[in-house]
Amino acid sequence: MTAPREPRIVIIGAGVSGIASAITLRRNGLNDFVILEKGSDVGGVWHWNRYPGLTCDVPSQLYQFGFAPKPDWSHIFAPGPEIQGYLADVVDRFELRSHLRLNAEVVAAEFTGSGWRVETGDGAVYEADFVIAATGVLHHPATPDIPGLGEFTGDVLHTARWDDAVPTAGRRIAVIGTGSTGVQVVSALQPKADRITHFVRSPQWVIWAPMWMPQPALVGAVLDRLPQVNQTLYQVGMAGAKLFTDVVTRPSWRRRAVQEFARLSLRAQVRDPDMREQLTPDYQPLCKRQVLSGSYYRALRARNAELVTMGIDAVTATGIRTVDGRHHEIDMIVFATGFQAHNYMRPMNLVGREGISIDDAWAKGPRAYWMTAIPGFPNLFTVLGPNSPTGSIPLHHAAEVTAKYITAWIQRWRAGEFDTVEVTESATERFEAEVGEALGPTVWSTGCNSWYFTEGGNIDLLPFNRRTMESALATPDDRDFRLR
Ligand code: NA7
């Protein structure tokens, strides 16, 4: 019997999925890995996003790794910096720093026939047997090309690239975009702004939720002393999350009840009929990524706030002109216009077997077998890749389950079972067909547009429940792969 060989692994990205991958490798005795991170610190979206009011819309007790529970979250819905701090702490606790290369943007990765050659922007080259692309979904900020933007003499910021040096108090601020980010940043900036104008192209349903509610210190102390109780709470939370998956994936009275609550949230908080009409979306609640807030409508009703649903015609040197010819004098424009959510690893020059580029492979939109394996790209796996359950299942859990699946393949490589593993085209097509069919009854298919949709019009989400995802990723199925 030959001695096991040690796989060299490159993980791209030190956000939630990169950290989950690294820790899973390590727990399985795989230590020859490097994490290449483009940013100057770990945390992924929680590193890049620092805008005022940034809060996670998933309860903190579920927005954490099962293997690294944090008992003492400050709030039921944690603020962004606390999540970034948690992720940095996990990196330290699991001793990942020595594996980490910060400010190391991967510009190219090429399959060599037996493994990968990965290159970073500073010219460093890493040879690897496996690549784990943990590059995230909400990574590339999208800024619309509005006529005249270059003429504007005030400040322009995208929420995902916030600059604390730019003052906001006492200024006339325009916020463009009505997703979770726009709603949060309007709520946070309104109290101190001279004037805040929210430019709303399409109103969103905003479900009332006490985003400010602290987690009582006593709860943290108890959970800290009694890890068993903490574990039970996590399981209870996961069971609750199952209900949410059910609500979005299957029509039922439960879905209708949540949708009714969304309508009630608007009716109860916005009494003015004109304003309410302007804020009423023309699609079903939950169809887009649901926005939660307990402060947005109040902020909009404030005396220094204005809601503008008239389309934007152009930006001028001193403000924004809407299509009705009105000019809004503005000192600062905040783009809360979201992300190019389907770029994944790109613009990295990713080249697989026989010279196929990821742009060619994904010409009709991103696709991967069970979110992780791409035909034509042997020994490469994605974590939270295409069709990940961003709208339905706790993401840390999805990342952990995927990381375990990838690790199972790598361990088989270590045992000498194969040199390269590549998912078949037919298995990927079968998965896509199953996804397509299961998307039918989901609320995402009820007629709206959002970042869930790819340019080709596909819904980039997982329409299955947690158990189905877990069982699909429990053990690699050799029939779906080509082993050489
Ligand atoms: P989203 O949810 O993608 O929202 C982007 C918003 O920006 C949305 O309201 C868009 O309106 C609006 N938008 C985009 N382009 C324009 C232009 N050209 N003019 C006016 N308005 C525009 O991004 P977020 O950052 O809020 O949230 C992303 C996720 O982060 C969120 O779902 C959570 O999971 C966390 P549209 O609806 O296209 O008319």
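None of the values given here were measured: they were computed from a predicted structure.

S.K.: Even after reading the chapter, I still don't get the sheet that holds strand S16 (residues 327-329), so can you show me in this structure?
M.R.: Strand pairing in a sheet takes place through backbone hydrogen bonds and is either antiparallel or parallel in direction. The strand order across the open sheet built from three strands is S14-S15-S16, with neighbouring strands paired in antiparallel fashion. What marks the edges here is a single partner per strand, and that holds for strand S14 (312-315) and S16. Neighbouring strand axes in the sheet, compared pairwise and without regard to direction, differ in orientation by 25° on average. Here strand S15 (residues 319-322) pairs with S16 via three bridges, running antiparallel. For Ile320, the partnering residue across the bridge sits in S16 and is His328.

S.K.: Which parts of the structure should I look at to understand the domain arrangement of the chain?
M.R.: Accessible area lost upon the coming together of the parts serves often as the stated size of an interface. Here the chain is partitioned into domain 1 (9-140 + 340-483) and domain 2 (149-204 + 288-335). On a C-alpha basis, the centroid separation for the pair domain 1 and domain 2 is 33 Å. Counting from both sides, the interface comprises 19 residues of domain 1 and, opposite them, 14 residues of domain 2. Between domain 1 and domain 2, roughly 1,400 Å² of surface is buried when both sides are summed, and carbon and sulfur atoms account for 51% of that area. For the domain 1 face of the interface with domain 2, the top three residues by lost area are Tyr51, Pro52 and Asp57, together amounting to 41%. Our enumeration of links across domain 1 and domain 2 arrives at one salt bridge. Note that Asp57 and Arg289 form a salt bridge whose closest N and O atoms lie 2.7 Å from each other. Here domain 1 and domain 2 share six residue pairs in polar contact (both at pLDDT 80 or more) between them. Among the residues forming the side of domain 1 that touches domain 2, the class breakdown is nine nonpolar, eight polar and two charged.

S.K.: Quick question: what am I supposed to make of the side chain of Asn379 here?
M.R.: Turning to its location among the elements, Asn379 is positioned in the loop between helix H10 (358-361) and strand S19 (380-382). Side-chain polar atoms of Asn379 contact the backbone oxygen of Asp129, separated by 3.1 Å. In this view, Asn379 contacts Ser114, Trp116, Asp129, Phe130, Val131, Trp413, Asp419, Thr420 and Val421; residues no more than four positions away in its chain are not counted.

S.K.: Is there a simple way to explain a nonpolar patch on the surface in this structure?
M.R.: On the surface, a nonpolar cluster with roughly 540 Å² of combined accessible area is contributed by Ile76, Trp208, Trp212, Met213, Phe261 and Leu264. Locating Trp208 in the fold gives a position in the loop between strand S11 (206-207) and helix H5 (217-225).

S.K.: So what exactly am I meant to see when it comes to the pattern of salt bridges here?
M.R.: A side chain with one charge may pair with a side chain of the opposite charge, provided their charged atoms come close. If you walk through the whole model with that rule in mind, you get 32 salt bridges. Where Arg326 meets Glu306, a salt bridge forms, and the shortest distance between an N and an O atom there is 2.8 Å. Residue Arg326 is found in the loop between S15 and S16, and its partner Glu306 is found in strand S13 (residues 305-308); the two are separated by 20 residues along the sequence. The closest approach of N and O atoms between Asp480 and Arg430, which form a salt bridge, is 2.9 Å. Here the residue Asp480 occupies a position in the loop between helix H13 (466-472) and strand S21 (481-483), and Arg430 occupies one in helix H12 (residues 425-439), the gap between them amounting to 50 residues. Taking the relative accessible area as the measure of exposure, Arg430 reaches 41% and is therefore partly exposed.

S.K.: What should I look at first to understand the state of the cysteines in this one?
M.R.: Such a bond, covalent and formed between the sulfur atoms of two cysteines, is termed a disulfide. Counted under the stated rule, the structure contains one disulfide. Paired through a disulfide, Cys287 and Cys448 show a sulfur-sulfur distance of 2.1 Å. In this structure, the disulfide formed by Cys287 and Cys448 twists by about -90° around the S-S bond and is classed as left-handed. Taken together, the residues Cys287 in the loop between helix H8 (273-278) and strand S12 (291-292) and Cys448 in the loop between H12 and H13 connect sequence positions 161 residues apart. Each member of the pair, Cys287 as well as Cys448, carries the same accessibility label: buried.

S.K.: What exactly am I supposed to notice about the site of the ligand here?
M.R.: Neighbouring residues of the ligand: 17 residues in total, closest Thr178, Thr181, Arg201, Ser202 and Arg289. Ser180 places a main-chain nitrogen or oxygen 3.2 Å from an oxygen atom of the ligand. Considering the ligand on its own, with 780 Å² of exposed area, one finds that the protein chains cover 80% of that surface. Taken together, the residues that form the shell around the ligand break down as six nonpolar, eight polar and three charged.

Thresholds, definitions, all that
Residues numbered from 1 in each chain as written. Predicted model: local features only at pLDDT ≥ 70, side-chain atom pairs only at ≥ 80, totals over all residues. Heavy atoms only, no water. Pairing = 2+ DSSP bridges. Helix = DSSP H or I, 4+ residues; strand = E, 2+ residues; numbered from the N terminus. Axes fitted to C-alpha atoms, helices over the stretch in contact; angles between N-to-C directions. Domains from an automatic or database assignment. Contact = heavy atoms within 4.5 Å. Buried area = accessible area lost by both parts, 1.4 Å probe. Salt bridge = Lys/Arg side-chain N within 4 Å of Asp/Glu carboxyl O. Polar contact = N/O pair within 3.5 Å; in protein donor to acceptor, adjacent residues only side chain to side chain. Nonpolar A, V, L, I, M, F, W, Y, C, P; charged D, E, K, R; others polar. Patch = residues over 30% accessible without salt bridge, like charges linked within 9 Å, V, L, I, M, F, W, Y side chains within 5 Å. Areas by Shrake-Rupley, 256 points an atom, 1.4 Å probe, with all protein chains shown as cover. Buried < 20%, exposed > 50% of the residue type's maximum accessible area, 1.4 Å probe, protein only. Disulfide = S-S within 2.5 Å. Near = heavy atom within 4 Å.

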